[in-house]
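# Observations on the three-dimensional arrangement
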Amino acid sequence: GQQLNQSPQSMFIQEGEDVSMNCTSSSIFNTWLWYKQDPGEGPVLLIALYKAGELTSNGRLTAQFGITRKDSFLNISASIPSDVGIYFCAGLPLFRGSQGNLIFGKGTKLSVKP
Amino acid sequence: AAGVIQSPRHLIKEKRETATLKCYPIPRHDTVYWYQQGPGQDPQFLISFYEKMQSDKGSIPDRFSAQQFSDYHSELNMSSLELGDSALYFCASTTGQGGSPLHFGNGTRLTVT
(Lines give C-alpha, C1' and ligand atoms only; values in the text may rest on other atoms or scores of the structure.)
Protein backbone atom coordinates (compact mmCIF):
# COMPACT_ATOMS: atom_id res chain seq x y z
CA GLY A 1 0.00 0.00 0.00
CA GLN A 2 0.93 3.64 -0.09
CA GLN A 3 3.46 4.69 2.50
CA LEU A 4 5.14 7.84 3.65
CA ASN A 5 8.75 7.62 4.74
CA GLN A 6 9.38 10.32 7.30
CA SER A 7 12.86 11.15 8.50
CA PRO A 8 14.53 11.52 10.79
CA GLN A 9 12.66 9.39 13.32
CA SER A 10 13.99 11.51 16.14
CA MET A 11 16.32 14.39 16.70
CA PHE A 12 17.69 16.46 19.51
CA ILE A 13 17.67 20.20 19.27
CA GLN A 14 19.46 22.96 21.04
CA GLU A 15 17.65 26.24 21.43
CA GLY A 16 18.36 28.47 18.45
CA GLU A 17 19.18 25.66 16.03
CA ASP A 18 17.40 25.17 12.73
CA VAL A 19 15.59 21.87 12.24
CA SER A 20 14.69 20.04 9.06
CA MET A 21 12.58 16.97 8.45
CA ASN A 22 11.05 15.43 5.36
CA CYS A 23 8.63 12.91 3.97
CA THR A 24 8.97 10.93 0.79
CA SER A 25 6.84 8.45 -1.04
CA SER A 26 6.79 6.45 -4.23
CA SER A 27 3.21 7.65 -4.79
CA ILE A 28 1.94 11.02 -5.95
CA PHE A 29 0.08 13.17 -3.45
CA ASN A 30 -2.48 15.92 -3.99
CA THR A 31 -2.06 17.54 -0.61
CA TRP A 32 0.62 17.58 2.05
CA LEU A 33 -0.11 18.47 5.64
CA TRP A 34 2.22 18.92 8.58
CA TYR A 35 0.97 18.38 12.12
CA LYS A 36 2.54 18.72 15.56
CA GLN A 37 1.39 16.52 18.41
CA ASP A 38 2.14 17.05 22.08
CA PRO A 39 1.84 14.09 24.49
CA GLY A 40 -1.76 13.15 25.16
CA GLU A 41 -3.08 15.80 22.79
CA GLY A 42 -4.47 15.74 19.30
CA PRO A 43 -2.37 16.61 16.23
CA VAL A 44 -2.44 20.32 15.51
CA LEU A 45 -2.30 21.47 11.91
CA LEU A 46 0.81 23.54 11.19
CA ILE A 47 0.89 23.95 7.43
CA ALA A 48 -1.18 22.73 4.48
CA LEU A 49 0.26 22.50 0.96
CA TYR A 50 -1.84 22.08 -2.17
CA LYS A 51 0.34 22.69 -5.21
CA ALA A 52 3.57 21.17 -6.44
CA GLY A 53 6.43 23.53 -5.69
CA GLU A 54 4.39 25.49 -3.16
CA LEU A 55 6.45 27.00 -0.35
CA THR A 56 4.47 28.14 2.69
CA SER A 57 5.53 29.69 5.95
CA ASN A 58 3.84 29.87 9.34
CA GLY A 59 6.00 31.94 11.65
CA ARG A 60 9.30 30.13 12.09
CA LEU A 61 8.01 27.12 10.16
CA THR A 62 8.44 26.67 6.43
CA ALA A 63 7.20 23.74 4.38
CA GLN A 64 7.40 22.88 0.70
CA PHE A 65 5.41 20.62 -1.58
CA GLY A 66 7.95 18.82 -3.74
CA ILE A 67 7.94 19.37 -7.50
CA THR A 68 7.51 15.66 -8.15
CA ARG A 69 4.52 15.64 -5.73
CA LYS A 70 6.15 12.72 -3.95
CA ASP A 71 7.84 14.58 -1.13
CA SER A 72 7.63 17.46 1.30
CA PHE A 73 9.90 19.02 3.87
CA LEU A 74 9.38 21.06 7.01
CA ASN A 75 11.95 23.48 8.39
CA ILE A 76 11.88 25.09 11.81
CA SER A 77 14.16 28.06 12.22
CA ALA A 78 15.68 29.25 15.49
CA SER A 79 14.08 26.47 17.54
CA ILE A 80 12.73 27.17 21.02
CA PRO A 81 11.97 24.71 23.85
CA SER A 82 8.25 24.60 23.08
CA ASP A 83 9.04 23.18 19.64
CA VAL A 84 9.57 19.75 21.23
CA GLY A 85 6.96 17.22 20.28
CA ILE A 86 6.17 14.82 17.49
CA TYR A 87 5.79 16.16 13.98
CA PHE A 88 3.76 14.17 11.48
CA CYS A 89 3.57 14.62 7.78
CA ALA A 90 0.34 13.49 6.16
CA GLY A 91 -0.52 13.21 2.51
CA LEU A 92 -3.72 12.91 0.54
CA PRO A 93 -2.94 10.50 -2.32
CA LEU A 94 -3.84 11.39 -5.87
CA PHE A 95 -5.70 8.18 -6.54
CA ARG A 96 -8.04 7.60 -3.70
CA GLY A 97 -11.82 7.66 -3.45
CA SER A 98 -12.21 9.37 -0.10
CA GLN A 99 -10.93 12.93 0.04
CA GLY A 100 -10.04 12.65 3.65
CA ASN A 101 -8.21 9.36 4.12
CA LEU A 102 -4.80 10.75 4.84
CA ILE A 103 -1.66 8.69 4.83
CA PHE A 104 0.50 9.56 7.85
CA GLY A 105 4.24 9.37 8.22
CA LYS A 106 5.60 7.66 11.32
CA GLY A 107 6.52 10.97 12.91
CA THR A 108 9.68 12.86 13.86
CA LYS A 109 10.21 13.23 17.59
CA LEU A 110 11.92 16.45 18.55
CA SER A 111 13.60 16.54 21.94
CA VAL A 112 15.83 18.99 23.73
CA LYS A 113 19.52 18.17 23.90
CA PRO A 114 20.49 17.19 27.43
CA ALA B 1 -11.97 29.62 17.13
CA ALA B 2 -14.13 26.59 17.84
CA GLY B 3 -12.32 23.27 17.66
CA VAL B 4 -13.29 19.64 17.45
CA ILE B 5 -14.68 18.51 20.79
CA GLN B 6 -14.35 14.93 21.96
CA SER B 7 -15.80 13.31 25.02
CA PRO B 8 -14.94 11.82 27.32
CA ARG B 9 -11.25 12.71 27.55
CA HIS B 10 -10.47 9.58 29.49
CA LEU B 11 -12.32 6.29 29.73
CA ILE B 12 -11.51 3.16 31.65
CA LYS B 13 -13.35 -0.03 30.79
CA GLU B 14 -12.97 -3.70 31.52
CA LYS B 15 -12.56 -6.43 28.94
CA ARG B 16 -15.77 -7.36 27.13
CA GLU B 17 -17.47 -4.11 28.11
CA THR B 18 -18.74 -1.54 25.64
CA ALA B 19 -17.73 2.07 25.17
CA THR B 20 -19.14 5.03 23.28
CA LEU B 21 -16.96 7.91 22.19
CA LYS B 22 -18.44 11.18 21.01
CA CYS B 23 -17.17 13.78 18.58
CA TYR B 24 -18.52 17.25 17.87
CA PRO B 25 -16.98 18.68 14.70
CA ILE B 26 -16.08 22.27 14.02
CA PRO B 27 -19.24 24.21 13.07
CA ARG B 28 -20.08 23.89 9.36
CA HIS B 29 -17.78 20.89 8.95
CA ASP B 30 -19.78 18.07 7.42
CA THR B 31 -17.11 15.39 7.36
CA VAL B 32 -15.82 13.43 10.32
CA TYR B 33 -12.98 10.93 10.61
CA TRP B 34 -12.03 8.56 13.39
CA TYR B 35 -8.45 7.52 14.06
CA GLN B 36 -6.84 5.16 16.56
CA GLN B 37 -3.34 5.88 17.85
CA GLY B 38 -1.37 3.37 19.88
CA PRO B 39 1.65 4.39 22.00
CA GLY B 40 4.45 5.65 19.80
CA GLN B 41 2.42 5.05 16.65
CA ASP B 42 1.04 7.29 13.95
CA PRO B 43 -2.76 7.66 13.76
CA GLN B 44 -4.50 4.76 12.02
CA PHE B 45 -7.65 5.55 10.05
CA LEU B 46 -10.78 3.76 11.22
CA ILE B 47 -13.80 5.21 9.43
CA SER B 48 -15.17 8.43 7.98
CA PHE B 49 -18.53 10.05 7.35
CA TYR B 50 -19.67 12.72 4.92
CA GLU B 51 -23.11 14.24 5.25
CA LYS B 52 -24.18 11.51 7.66
CA MET B 53 -23.21 8.69 5.31
CA GLN B 54 -20.20 6.46 5.72
CA SER B 55 -17.66 7.60 3.14
CA ASP B 56 -14.67 5.37 3.75
CA LYS B 57 -13.62 2.52 5.94
CA GLY B 58 -10.18 1.72 7.21
CA SER B 59 -8.91 -0.75 9.76
CA ILE B 60 -11.98 -0.67 11.95
CA PRO B 61 -12.73 -3.97 13.72
CA ASP B 62 -16.16 -5.53 13.23
CA ARG B 63 -16.73 -5.01 16.96
CA PHE B 64 -16.74 -1.26 16.35
CA SER B 65 -19.42 0.77 14.66
CA ALA B 66 -19.93 4.46 14.13
CA GLN B 67 -22.47 6.88 12.82
CA GLN B 68 -22.90 10.55 12.10
CA PHE B 69 -26.06 12.27 13.26
CA SER B 70 -28.20 15.04 11.76
CA ASP B 71 -26.29 17.68 13.74
CA TYR B 72 -23.05 16.22 12.28
CA HIS B 73 -21.75 14.93 15.57
CA SER B 74 -20.46 11.40 15.46
CA GLU B 75 -20.25 8.49 17.87
CA LEU B 76 -17.90 5.54 17.83
CA ASN B 77 -19.35 2.49 19.52
CA MET B 78 -16.96 -0.19 20.68
CA SER B 79 -18.16 -3.54 21.95
CA SER B 80 -16.50 -6.63 23.42
CA LEU B 81 -13.52 -4.52 24.34
CA GLU B 82 -10.12 -6.15 24.30
CA LEU B 83 -6.89 -5.13 26.01
CA GLY B 84 -5.47 -4.23 22.60
CA ASP B 85 -8.17 -1.60 22.13
CA SER B 86 -6.40 0.60 24.68
CA ALA B 87 -5.30 3.64 22.69
CA LEU B 88 -5.96 7.27 21.97
CA TYR B 89 -8.97 7.74 19.71
CA PHE B 90 -9.08 10.90 17.68
CA CYS B 91 -11.85 12.48 15.76
CA ALA B 92 -11.07 14.95 13.00
CA SER B 93 -13.38 17.11 10.96
CA THR B 94 -13.22 18.99 7.70
CA THR B 95 -15.48 20.46 5.06
CA GLY B 96 -16.55 18.35 2.12
CA GLN B 97 -14.32 20.34 -0.24
CA GLY B 98 -11.58 18.23 -1.76
CA GLY B 99 -8.21 18.59 -0.11
CA SER B 100 -9.44 20.56 2.90
CA PRO B 101 -7.20 19.75 5.85
CA LEU B 102 -8.36 17.70 8.80
CA HIS B 103 -8.60 19.36 12.18
CA PHE B 104 -8.21 16.98 15.10
CA GLY B 105 -9.81 16.93 18.52
CA ASN B 106 -7.80 16.26 21.67
CA GLY B 107 -8.82 12.65 21.69
CA THR B 108 -10.25 10.13 24.10
CA ARG B 109 -7.78 7.97 25.95
CA LEU B 110 -9.35 4.55 26.33
CA THR B 111 -7.83 2.12 28.79
CA VAL B 112 -9.12 -1.44 28.83
CA THR B 113 -8.23 -3.45 31.92
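One can find the structure itself at the top, above this paragraph.
Residues numbered from 1 in each chain as written. Chains lettered and ligands numbered in written order. Predicted model: local features only at pLDDT ≥ 70, side-chain atom pairs only at ≥ 80, totals over all residues. Heavy atoms only, no water.

Below, the discussion takes up the overall build of chain A. Of the regular secondary structure elements, chain A holds 0 helices and 11 strands. Start at the N end of chain A and walk to the C end: the helices and strands fall as β-β-β-β-β-β-β-β-β-β-β. The C-alpha radius of gyration computed for chain A amounts to 14 Å, which stays within 12% of the reference 13 Å derived for 114 residues, consistent with globular compactness. Reported as C-alpha extents along the three principal axes, the dimensions of chain A are approximately 45 × 30 × 20 Å. Once local pairs closer than 6 in sequence are excluded, the contacts in chain A between residues at least 24 apart make up 54%. Working note: accessible area of chain A is about 5400 Å², and carbon and sulfur atoms make up 53% of it. Seen as two clouds, the 9 positive and the 8 negative side-chain charges of chain A have centres 11 Å apart. (Helix = DSSP H or I, 4+ residues; strand = E, 2+ residues; numbered from the N terminus. Rg over C-alpha atoms; globule rule 2.2 N^0.38 Å. Contact = heavy atoms within 4.5 Å. Areas by Shrake-Rupley, 256 points an atom, 1.4 Å probe, with all protein chains shown as cover. Lys, Arg positive; Asp, Glu negative; His and termini not counted. Charge placed at Lys NZ, Arg CZ, Asp CG, Glu CD.)

This paragraph deals with the overall build of chain B. Each helix and strand in chain B was counted, giving 0 helices and 11 strands. Against the 2.2 N^0.38 benchmark of 13 Å for 113 residues, chain B shows a C-alpha radius of gyration of 13 Å, consistent with a compact globule. Principal axes of the C-alpha set define a box for chain B whose edges measure 40 × 25 × 25 Å. The buried share among the 113 residues of chain B stands at 47%. Considering only contacts within chain B whose residues lie at least 6 apart along the sequence, 53% involve residues at least 24 apart. Looking at chain B as shown, the accessible area adds up to about 5400 Å², and 48% of this sits on carbon and sulfur atoms. When the 10 basic and 11 acidic side-chain charges of chain B are each reduced to a single mean position, those positions are 5 Å apart. (Buried < 20%, exposed > 50% of the residue type's maximum accessible area, 1.4 Å probe, protein only.)

All right, on to the pattern of salt bridges then. The tally for this structure, following the rule as stated, stands at 9 salt bridges over all chains. For glutamate 17 of chain A, the salt bridge identified is with lysine 113 of chain A, shortest N-O distance 3.2 Å. Residue glutamate 17 of chain A is located in the loop between strand 2 (10–13) and strand 3 (19–24), and its partner lysine 113 of chain A is located in the segment after strand 11 (108–112); the two are separated by 96 residues in the primary sequence. A network of salt bridges, in which partner residues are shared, links Arg63, Glu82 and Asp85 of chain B. (Salt bridge = Lys/Arg side-chain N within 4 Å of Asp/Glu carboxyl O.)

Below, the discussion takes up the interface of chain B and chain A. On the chain A side, the residues contacting the 28 residues of chain B number 22 residues. Counting across the chain B and chain A interface gives 2 salt bridges. Residue glutamate 41 of chain A is joined to arginine 9 of chain B by a salt bridge in which the shortest nitrogen-to-oxygen separation is 3.4 Å. Applying the counting criterion to the chain B and chain A interface returns 6 residue pairs in polar contact (both at pLDDT 80 or more). Broken down by secondary-structure element, the contributors of at least two residues to the side of chain B that touches chain A are strand 4 (31–37), strand 5 (44–50), strand 6 (53–57), strand 9 (87–94) and strand 10 (103–104) of chain B. (Polar contact = N/O pair within 3.5 Å; in protein donor to acceptor, adjacent residues only side chain to side chain.)

Time to look at the nonpolar core. Residues and elements named next belong to chain B. Core analysis: the biggest nonpolar cluster contains 22 residues, and Leu21, Trp34, Leu76, Met78 and Tyr89 have the highest contact counts within it. Taken together, the elements giving at least two residues each to this core come down to strand 3 (19–24), strand 4, strand 5, strand 7 (64–68), strand 8 (74–78), strand 9 and strand 11 (108–112). The contact partners of methionine 78, leaving out residues within four places of it in the chain, are Glu17, Thr18, Ala19, Leu21, Arg63, Phe64, Tyr89 and Leu110. (Core = buried A, V, L, I, M, F, W, Y, C linked by side-chain atoms within 4.5 Å.)

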